[in-house]
Amino acid sequence: MALAANGGIGGLVNGVAPDWGPFAALGDTARTVVQAIMAGVIVALLGRAALAAFHIKLGESQHDVAQVSKGKKDIGAALAGAFVVASLGTIFTIVYGMGV
């Protein structure tokens, strides 16, 4: 609990706001554009995951196995995509560090 009290929101969103490695060479405006695009994609993917959860719930209420299966696939794809986008800063930094 004490560790959580000391952290700020910056520690939570550092994956969406890359400012190290290859991103450090970008200007402030370019870095802001990258952050906005990454945040927008994550919000869209989480919205898609919420819609997929609705499809699962609706399919279960109507006993529609195909809709439940589609919802499960969509929610898995959306959450995997959100994870990949959130970790792009780390992936780019690792690849950039290996190239240097």
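Here the structure is shown first, and the text comes after it.
Just so we're clear, the structure is a prediction, and the values are computed from it rather than from any experiment.

The rules behind each value
- Residues numbered from 1 in each chain as written.
- Predicted model: local features only at pLDDT ≥ 70, side-chain atom pairs only at ≥ 80, totals over all residues.
- Heavy atoms only, no water.
- Helix = DSSP H or I, 4+ residues; strand = E, 2+ residues; numbered from the N terminus.
- Buried < 20%, exposed > 50% of the residue type's maximum accessible area, 1.4 Å probe, protein only.
- Salt bridge = Lys/Arg side-chain N within 4 Å of Asp/Glu carboxyl O.

Student: Could you give an account of the environment of Ala80, with specific residues and numbers?
Tutor: Its location among the elements puts Ala80 in helix α4 (residues 65–86). Ala80 gets classed as partly exposed once you look at its relative accessible area, which sits at 41%. Sequence separation between Ala80 and Leu45 is 35 residues, and the spatial gap between their C-alpha atoms is 9.1 Å.

Student: Explain the pattern of salt bridges to me, using residue names and the numbers behind them.
Tutor: Under the counting rule described, the total for this entry stands at two salt bridges. Salt-bridge contacts for Arg48 lead to Asp74; the nearest nitrogen and oxygen are separated by 3.5 Å. Taken together, the residues Arg48 in helix α3 (residues 28–61) and Asp74 in helix α4 connect sequence positions 26 residues apart. Across the pair Asp74 and Lys70 runs a salt bridge, and its minimum N-O distance is 2.9 Å. On the criterion of helical spacing, the pair formed by Asp74 and Lys70 is a turn pair, its members being four residues apart in helix α4. Here Asp74 falls in the buried class, since its relative accessible area comes to 17%. Each of the salt bridges in this network shares a partner with another, and the network as a whole consists of Arg48, Lys70 and Asp74.

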